[in-house]
Amino acid sequence: MSAVSVAERFDDVGASEVSPSQARAERPILEAVGLTKRFGAFTALNDVTIALMAGEFHALLGENGAGKSTLVKSMLGYYHPDGGAVVLDDREVTIANPRDARRLGIGMVYQHFTLVPAMTVLENLVMSRVDVPSVVNWAKERKALSAFLETMPLKVPLDTPVDRLSSGERQKTEILKQLYLKSRILVLDEPTSVLTPEEARQVLGFLRARASETGMAVLLITHKFSEVTAFCDRVTVLRKGAKVGEGLVADLSTKEMAALMIGERELTQAPGRDENPKSAEPVLALKGVRSGDSGTRGSLAIEELVVHGGEIVGIAGISGNGQTRLVELISGQAQKTSGEIRVKGEPYDASRATAQAMKVRCLPEEPLRNACVGRMSVSDNIAFRTFDRDASGSKIRLLDKKRMLQRAQELIEVYSIKTQGPSAPIQTLSGGNVQRAVLARELAGETDLLVAANPCFGLDFGAVADIRAQLIAARNRGTAVLLVSEDLDEIVALSDRICVMFEGRIVFECAGGDAVDTTRIGAHMAGHH
Ligand SMILES: Nc1ncnc2c1ncn2[C@@H]1O[C@H](COP(=O)(O)OP(=O)(O)OP(=O)(O)O)[C@@H](O)[C@H]1O
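Calculation criteria
- Residues numbered from 1 in each chain as written.
- Predicted model: local features only at pLDDT ≥ 70, side-chain atom pairs only at ≥ 80, totals over all residues.
- Heavy atoms only, no water.
- Near = heavy atom within 4 Å.
- Polar contact = N/O pair within 3.5 Å; in protein donor to acceptor, adjacent residues only side chain to side chain.
- Areas by Shrake-Rupley, 256 points an atom, 1.4 Å probe, with all protein chains shown as cover.
- Helix = DSSP H or I, 4+ residues; strand = E, 2+ residues; numbered from the N terminus.
- Nonpolar A, V, L, I, M, F, W, Y, C, P; charged D, E, K, R; others polar.
- Pairing = 2+ DSSP bridges.
- Axes fitted to C-alpha atoms, helices over the stretch in contact; angles between N-to-C directions.
- Domains from an automatic or database assignment.
- Contact = heavy atoms within 4.5 Å.
- Buried area = accessible area lost by both parts, 1.4 Å probe.
- Buried < 20%, exposed > 50% of the residue type's maximum accessible area, 1.4 Å probe, protein only.
- UniProt positions renumbered as here; feature names shortened; annotations may be inferred.
- pLDDT = per-residue confidence, 0-100.

(A) Region of interest: the site of the ligand. Neighbouring the ligand are 20 residues; Gly65, Lys68, Ser69, Thr70 and Thr428 lie closest to it. Gly65 places a main-chain nitrogen or oxygen 2.8 Å from an oxygen atom of the ligand. Within the backbone of Gly432, an N or O atom sits 3.1 Å from an oxygen atom of the ligand. Here the ligand has 640 Å² of accessible area as a free molecule, and 88% of this is covered by the chains. Of all elements in the fold, only strand S2 (42–53), helix H2 (68–75) and helix H15 (431–443) reach the threshold of two or more residues within the shell around the ligand. Its residues placed into classes, the shell around the ligand shows six nonpolar, 12 polar and two charged.

(B) Broad picture of the sheet that holds strand S19 (residues 497–502). Taken in spatial order, the six strands of this open sheet run S16-S17-S18-S13-S19-S20, and their pairing is mixed. Every interior strand has two partners, whereas the edge strands, strand S16 (360–363) and strand S20 (505–511), have only one. Direction aside, neighbouring strands of the sheet carry axes that sit 15° apart on average. As paired elements, strand S13 (residues 311–316) and S19 share four bridges and run parallel to each other. Pairing of Val313 across the sheet is with Arg497, part of S19.

(C) Region of the structure containing the domain arrangement of the protein. Parsing the protein into structural domains produces domain 1 (6–262) and domain 2 (281–359 + 483–529). Look at where the C-alpha atoms of domain 1 and domain 2 centre, and you get two points 35 Å apart. Counting residues at the interface gives seven residues for domain 1, matched by four residues for domain 2. Of the roughly 310 Å² buried between domain 1 and domain 2, counting both surfaces, carbon and sulfur atoms make up 45%.

(D) Representation of unusual backbone geometry within the structure. Even without a glycine there, the phi angle at Asp90 is positive, about 70°. Relative to the helices and strands, Asp90 resides in the loop between strand S4 (83–88) and strand S5 (91–93). Asp90 sits in the exposed class, given a relative accessible area of 54%. Positive phi, normally seen in glycine, also occurs at Ser416, with a value near 50°. Tracing the chain through its elements places Ser416 in the loop between helix H14 (401–414) and H15.

(E) The UniProt feature "domain: ABC transporter" (unreviewed entry) in the protein, seen in detail. Residues annotated in UniProt with the feature "domain: ABC transporter" (unreviewed entry) correspond here to residues 30–265 and 284–528. Segment residues 30–265 splits into 35% helix and 27% strand. End C-alpha atoms: 33 Å apart.

(F) Local environment of the confidence of the model for the protein. Of all residues in the protein, 94% attain a pLDDT of 70 or more, and the chain-wide mean is 87. Within the model, the stretch residues 1–24 combines pLDDT values under 50 with 51 contacts to residues more than four positions away or in other chains.

Shown next as structure tokens:
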């Protein structure tokens, strides 16, 4: 193995097309050998080796914080590993940054979006090429891209600015971008989290077929065992930064994979649902609420929505149908144009003081962006609701840092938040652990109304069990829970009552429980009323 620079390797790879003869070759295209990555004194990745074979679909499993993103980012030049090597086609390479990786034909779809919001899909795709000409012939590029899209099962509008796309469309654009760039190694970090189940099947099925046909290797980070068993050939499992298992998917049951992920630990058992915690009076009541320009994407027009104490009301719907606006109205991030919102019979203006007084808490989507200050510590972020209050709830003038740290430490333990400590910046936590930290903050203390938007987004199965248990426990204590989720299984598993949103309106309502007709709900989600 000799180390060569990216510049030398670029010529070998050329446009990084794979000839059919390379497909299904039984040799690794890309290997990480003994990769180690430390952040300060903390070892996030410890001597991990993984090999991707040409034409294979390889799953990377592990709990939140196990080191999956760190491994792939260390392979692709996003992080510089402290030890180990990356080997491409039997030769060691130095990948200094993601652009180097792209030149070598290695593409990644990250958990966060990398598209430029103000540019159209067409502009984003063309500008992402390493060989973009200094003067772009847009007519020619449009023709070529339209022809390319014709061959793809995923459709995105070429002339729409990315900031007007739904999350699902952005995710599809990120995936199309990698196919357009002809990546011969594709790393996907939870690519289906914002897609509908049908879209997810379509995308993974297509990539699976493409891998078999062209020899493209796919490394898929996922928390969904169903995706591993349906689409993947091999699996590698990480735990606490180390590799704890690998093998053919066909040889492993999901139970065995789960056991490798969590080791000896016991999973949280969901508490039973108390028979009748529902209060007679509504806690949350919306009447004639409008927000956003009527009829535009994401606008809201709710005639009536009521949530009682001790009740979980699930809002089902495909992303982009007004659910985000609903959550933003209650969390104070958007304004209504008309109508009224009441909490326990009183008008609710969503200010910090009102939310505090009325015991309203909110876990928004993308909590790192919407509910945290990334550079501030875990402790400071956990204290956002209470930093100006003493233990009895009275206002204080000076921050009590010691009390904040102590409180954070307690919640870190209760909610099993993986962090280097309460003083670590919250942006250094893995996605799932940011989610836990925000939920710990929002559920701590008495809560009369909890709004949870996609609360299990990106969480491993153990964390999903924890969070669902917390939501049911809050309901049993008498909290009114408004659960907004794109995951219909989650809505069905948790809700006492289910409402479907379509184009900003509630178009269907039914009781939750075992008899729920998901086909009917799905039809309303798709606009067939
Ligand atoms: N920039 C950083 N600075 C400090 N610690 C970090 C940094 N990035 C990651 N870590 C830590 O490294 C560990 C592994 O994180 P990583 O994001 O790789 O986990 P993951 O398996 O991808 O988790 P998830 O499923 O939640 O996305 C975590 O404990 C995280 O807090």
